[in-house]
Amino acid sequence: MEKIQNQKAWFLVLPALAVLFIFSAVIPLMTVVNYSVQDIFGQDYANAFFVGTEWFRDTIRDPELQAAFGRQLAFSVITLLIQIPLGVAIALAMPTRGIMVSVALVLVSLPLLIPWNVVGTGWLLFTRPDIGLLGVALNELGLDYNIQRNPVDAWLTVLVMDVWHWTSLTVLLAYAGLRAIPGAYYQAARVDGASRWAIFRYVELPRMRGVLLIAILLRFMDSFKLYAEPFVLTGGGPGTTTTFLSQYLATIGVGQFDLGRAAAFSLVYFLFILALSWLFYTVITRMDRE
Amino acid sequence: MSLRLENISKVVGGETHLYPLDLTLEPGSFNVLLGRTLAGKTTLMRIMAGLDRPTTGRVVENGTDVTRQSVRNRSVAMVYQQFINYPGMSVRDNIASPLRIAREPAAEIERRVGEMAELLHIEHLLDRLPAELSGGQQQRTALARALVRETRLLLLDEPLVNLDYKLREELREELRHLLAARDAVVVYATTEPTEALTLGGNTAVMYQGQVIQYGDTVASFLQPSDLRVARVFNDPPMNMVPARLDDGTLKLDDGHDIPVPAHLTGLRAGRYHIGIRPHHLGYDAPAAESLAIEGTCDLVELSGSESLIYFRQGDYEWVAQMDGIHHVAPGEHVRMTVLPHHLYAFDDSGALAGAPERSARGEG
């Protein structure tokens, strides 16, 4: 049988693709590329001159940026190590039937409904050592807790805040995965005499693998783009101890108006997230095939 | 082991799933639970297994009351209608899992896993994960997992229902041989009369939470104790028509009458329900002695080897099951006949009053 090759369908999606590529991706991205290889002050294109890869070399060698990158990576890894197991544990503890299901789901989802900067503001008040519930309580206990002064406090608070804000996502995904397991699996395991741990390890975990991989992917990429909450809570301080990548980028681009370096930095940042996402995607699809 | 259920009932949230019932399953017996969906087959099996506690009554194994004993401490294996295996384990580990939990020595585990895999023809799939198998292979794995441990009770809850027709026939035949070699009490739930007949053994017919007949499968089929059994234990269900028996004449309410057939002559005069198996209806019986049924065709279902012809006359609905292809257009007039010695009679309360002689043609 001869297959009819007809490519006309492409024309039908062309307008949408054009809008998508040109206005939302290609043009803005090319502007950034433009800034990253030239020295331009503001919009003064007339006095721009080509600098090649100088901005990129600057960026990569910048010790401040390297430090921010290290902090970012540490933060993302630690927050995942906490959120994924914690999310699964909470999902396992959630009620499975009755009215309590809805109650639990709503309670768990609440943090997800709050805008990022509101979360930051909320925690800012919460942790104030003079009037904040947490801040006052910890100080009353004799701990010298102050996120404006103490880098460790600031760092841990940002971490706890992120866990508080985002663990719910893992809970919801894991809960959905758990509910999708037919009751017969649990029965079969009981008939076999399998322990609770064995049920988790050999029934629940493998059946949740798909949603958990998605949760890891989403949470990793999201945490890598962390910006608003620490910006509001600590402003990156004290010093630069809670300055993560996107905030450092904002400092360079918006604060110092150093557009060349900011552009080069953006591209490196973007390529790094892209590479990581690709890596995750490849690993996930390969694991699924196996 | 013998398994005795004494006065077992199950009520969940005010709704009765099982009415009080007694049932004794002999050691080494093969038992079919036959009933339509929601008849209580699964509920009964879960109580037998110890997965659920009965609301009243006792479960007695070999004279020991095990009602309160958890399923973990009983010797039970179960196969489900869904293909249930540990998704994260290879086929080999799946089959081995019950033995590992029982802490059998490694060499023994390996030997028995190999043996089971061979019996179920999955020895070439041992290193795969369940998700990489076809439905039939997954169910073979589940069966191997259930059979590998020599449990005293083996429960199979419609294990073949999710397989396609061809696989079902094939696996049913294999199961019959595998299970025959067991000492365990085997209980096999199904909705299909044909499956019960193929598997043999004893059959407990269930209807709306009750066991309405228990006994030898073929005997129960030939001598259904009442109307409900006759309907459940025939696919399509047995045709029923009210009739009056009087002065040596059997007069069906739809208008036809015949002299009382020989095997029903002992019955007192009165009202009866006459049962006719769909496959006893046909075009070809000799007109002189046979009973005619007439009506208008509603629907014809054809399969490759047989035809189901649904027809009605007034309030009476009939179905005939015939070999080969018989094409009748809906709305067309249908005239079928049945030989009188095939008729069943049930009295007013629904109990069996007269059944066809077994020896007549080797069947009822």
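What counts and what doesn't
Residues numbered from 1 in each chain as written. Chains lettered and ligands numbered in written order. Predicted model: local features only at pLDDT ≥ 70, side-chain atom pairs only at ≥ 80, totals over all residues. Heavy atoms only, no water. Buried < 20%, exposed > 50% of the residue type's maximum accessible area, 1.4 Å probe, protein only. Helix = DSSP H or I, 4+ residues; strand = E, 2+ residues; numbered from the N terminus. Arc of directions from axis to C-beta. Contact = heavy atoms within 4.5 Å. Buried area = accessible area lost by both parts, 1.4 Å probe. Salt bridge = Lys/Arg side-chain N within 4 Å of Asp/Glu carboxyl O. Nonpolar A, V, L, I, M, F, W, Y, C, P; charged D, E, K, R; others polar. Pairing = 2+ DSSP bridges. Axes fitted to C-alpha atoms, helices over the stretch in contact; angles between N-to-C directions. Patch = residues over 30% accessible without salt bridge, like charges linked within 9 Å, V, L, I, M, F, W, Y side chains within 5 Å. Areas by Shrake-Rupley, 256 points an atom, 1.4 Å probe, with all protein chains shown as cover. Core = buried A, V, L, I, M, F, W, Y, C linked by side-chain atoms within 4.5 Å. Parallel < 35°, antiparallel > 145°, perpendicular 65-115°, else oblique. Left-handed = near helix turned anticlockwise from the far one by under 90°. Domains from an automatic or database assignment. Polar contact = N/O pair within 3.5 Å; in protein donor to acceptor, adjacent residues only side chain to side chain.

Undergrad: When you look at helix H5 (residues 116-126) of chain A in this model, what are you seeing that I'm missing?
TA: One full turn of an α-helix is made of 3.6 residues, so residues set three or four places apart face in the same direction. All of the buried residues along H5(A) are Val119(A), Gly120(A) and Trp123(A). For H5(A), the arc enclosing every buried residue in end-on projection is 100°, short of the 170-degree limit, so these residues lie on one face.

Undergrad: Help me understand the interface of chain A and chain B in this model?
TA: Frequently, the measure chosen for interface size is the accessible area removed from exposure when the parts meet. Listed per partner, the contact involves 17 residues of chain A and 24 residues of chain B. Summed over both sides, the interface of chain A with chain B buries roughly 1800 Å², with 59% coming from carbon and sulfur. Where chain A touches chain B, the interface holds one salt bridge. Among the elements that take part in the side of chain A that touches chain B, helix H8 (residues 183-192) of chain A stands out by supplying eight residues, more than any other. Its residues assigned to classes, the side of chain A that touches chain B comprises ten nonpolar, three polar and four charged.

Undergrad: Please clarify how the sheet that holds strand E2 (residues 15-25) of chain B should be interpreted in this entry.
TA: Within a sheet, adjacent strands bond to each other through the backbone by hydrogen bonds, running parallel or antiparallel. Residues and elements named next belong to chain B. Spatially, E2-E1-E4-E5 is the arrangement adopted by the four strands of the open sheet, whose pairing is antiparallel. Of all strands in the sheet, those with a lone pairing partner are E2 and strand E5 (64-65), marking the two edges. Each of strand E1 (3-12), E2 and strand E4 (56-61) touches helix H1 (residues 41-49); the most contacted strand, E2, lies at about 60° to it.

Undergrad: Looking at this model, I keep getting lost on a nonpolar patch on the surface. Mind explaining?
TA: Residue and element names in this part refer to chain A. Together, Val19, Phe21, Ile22, Phe23, Val26, Ile27 and Met30 line one region of the surface with nonpolar side chains, adding up to about 670 Å² of accessible area. Within the secondary structure, isoleucine 22 sits in helix H1 (residues 9-36). When its relative accessible area of 38% is taken as the criterion, isoleucine 22 is described as partly exposed.

Undergrad: In this structure, what is going on with the nonpolar core? I would like to understand it.
TA: Proteins that are soluble and globular tend to have nonpolar side chains buried together. Counting residues in each nonpolar core, the largest one holds 71 residues, and the members touching the most others are Leu44(B), Met48(B), Leu153(B), Leu155(B) and Val187(B). Of all the elements, helix H9 (residues 196-224) of chain A adds the most residues to this core, at nine residues. Apart from residues lying up to four places away in sequence, Leu155(B) is in contact with Met45(B), Met48(B), Ala49(B), Val76(B), Ala77(B), Met78(B), Val79(B) and Val187(B). Core analysis: the second largest hydrophobic core is formed by 43 residues, Val32(B), Ile95(B), Val113(B) and Phe233(B) among them.

Undergrad: What am I meant to see in the packing of helix H7 (residues 151-179) of chain A against H9(A) here?
TA: When two helices pack together, their arrangement is given by the angle between their axes and by how far apart the axes lie. All names here are of chain A. The N-to-C vectors of H7 and H9 enclose an angle of 150°; their axes lie 8 Å apart at closest approach. In this view, H7 runs roughly antiparallel relative to H9, as classed from their interaxial angle. Regarding H7 and H9, the two cross each other, and that crossing is right-handed. Between H7 and H9, the contacting residues are Asp162, Trp166, Leu169, Thr170, Leu173, Ala174, Gly177 and Leu178 on the first element and Glu204, Met208, Val211, Leu212, Ala215, Leu218, Arg219 and Asp222 on the second. Of the residues belonging to the contact of H7 with H9, the class tally is ten nonpolar, two polar and four charged.

Undergrad: Please explain unusual backbone geometry as it appears in this structure.
TA: Among all residues save glycine, negative phi is the norm, and among peptide bonds the norm is trans. Residue and element names in this part refer to chain B. Residue aspartate 235 is joined to proline 236 through a cis peptide bond whose omega torsion reads -5°. Counting through the fold element by element, proline 236 comes out in the loop between helix H8 (227-232) and strand E11 (239-246). At glutamine 208, a position not held by glycine, the phi torsion is positive, near 45°.

Undergrad: Sorry, what's going on with the pairing of strand E8 (residues 185-190) of chain B here?
TA: The two faces of the sheet receive side chains in turn, since in a regular strand these alternate between them. All names here are of chain B. Buried residues dominate E8, accounting for six of its six residues. Here E8 shows two buried faces, one formed by Val185, Val187 and Ala189 and the other by Val186, Tyr188 and Thr190. Note that strand E3 (residues 30-34) and E8 share five bridges and pair parallel. The residue of E8 that forms the bridge with leucine 34 is threonine 190. Pairing geometry for strand E7 (residues 153-157) and E8, over five bridges, is parallel.

Undergrad: Explanation requested: the domain arrangement of chain B in the structure shown.
TA: Residues and elements named next belong to chain B. Domain assignment breaks chain B into domain 1 (3-232) and domain 2 (239-354). Averaged C-alpha coordinates put domain 1 and domain 2 at centres separated by 37 Å. At the junction of the two partners, domain 1 supplies nine residues and domain 2 supplies eight residues. Carbon and sulfur atoms make up 66% of the area that domain 1 and domain 2 hide from each other, which totals about 710 Å². In terms of surface lost to domain 2, no three residues of domain 1 exceed Phe221, Pro224 and Leu227, which account for 55% of the buried area on that side. Applying the counting rule to domain 1 against domain 2 returns zero salt bridges. There are four residue pairs in polar contact (both at pLDDT 80 or more) connecting domain 1 and domain 2. Elements with a contribution of two residues or more to the side of domain 1 that touches domain 2: helix H7 (217-222) and H8.

Undergrad: In this structure, what is going on with the sheet that holds E7(B)? I would like to understand it.
TA: Residues and elements named next belong to chain B. Strand order in this open sheet of six strands is E6-E7-E8-E3-E9-E10, and the pairing throughout is mixed. Both edges of this open sheet fall to strand E6 (76-79) and strand E10 (210-216), since each of them pairs with a single strand only. Pairs of neighbouring strands in the sheet enclose a mean axial angle of 15°, with direction left out of account. Examined bridge by bridge, E3 and strand E9 (residues 202-207) share four bridges and lie parallel to one another. Note on E9: the bridge partner recorded for valine 32 is threonine 203. Packed onto the sheet, helix H4 (residues 135-148) meets E6 and E7 and runs at close to 170° relative to E6.

Undergrad: Honestly, the environment of Tyr80(B) in this entry has me stumped. Any pointers?
TA: Mapped onto the elements of the fold, Tyr80(B) is located in the loop between E6 and helix H2 (91-101). Here Tyr80(B) falls in the buried class, since its relative accessible area comes to 5%. For the pair Tyr80(B) and Leu155(B), spaced 75 residues apart in the sequence, the C-alpha separation amounts to 8.5 Å. Setting aside residues up to four positions removed in sequence, Tyr80(B) forms contacts with Ala184(A), Gln187(A), Ala188(A), Val191(A), Leu51(B), Gln139(B), Asp157(B) and Pro159(B). Among the polar contacts listed, one links the side chain of Tyr80(B) to the backbone nitrogen of Ala188(A), at a separation of 3.3 Å.

Undergrad: Explain the pattern of salt bridges here, please?
TA: Working definition: two side chains of opposite charge can pair if their charged atoms are close together. All names here are of chain B. Counted under the stated rule, the structure contains 34 salt bridges over all chains. Here aspartate 127 ties to arginine 92 by a salt bridge, and the two come within 3.1 Å at their closest N and O atoms. Placement of the pair is aspartate 127 in the loop between helix H3 (106-119) and H4 and arginine 92 in helix H2, with a sequence separation of 35 residues. By relative accessible area, which is 63% here, aspartate 127 ends up exposed. With a closest N to O distance of 2.9 Å, arginine 312 and aspartate 298 form a salt bridge. A residue pair is termed long-range when its members are at least 10 positions apart, and arginine 312 in strand E16 (residues 306-313) and aspartate 298 in strand E15 (residues 291-302) qualify at 14 residues. The exposure class assigned to aspartate 298 is partly exposed, which follows from its relative accessible area of 35%. Because the salt bridges share partners, they merge into one network encompassing Glu104, Glu108, Arg111, Arg112 and Glu115.

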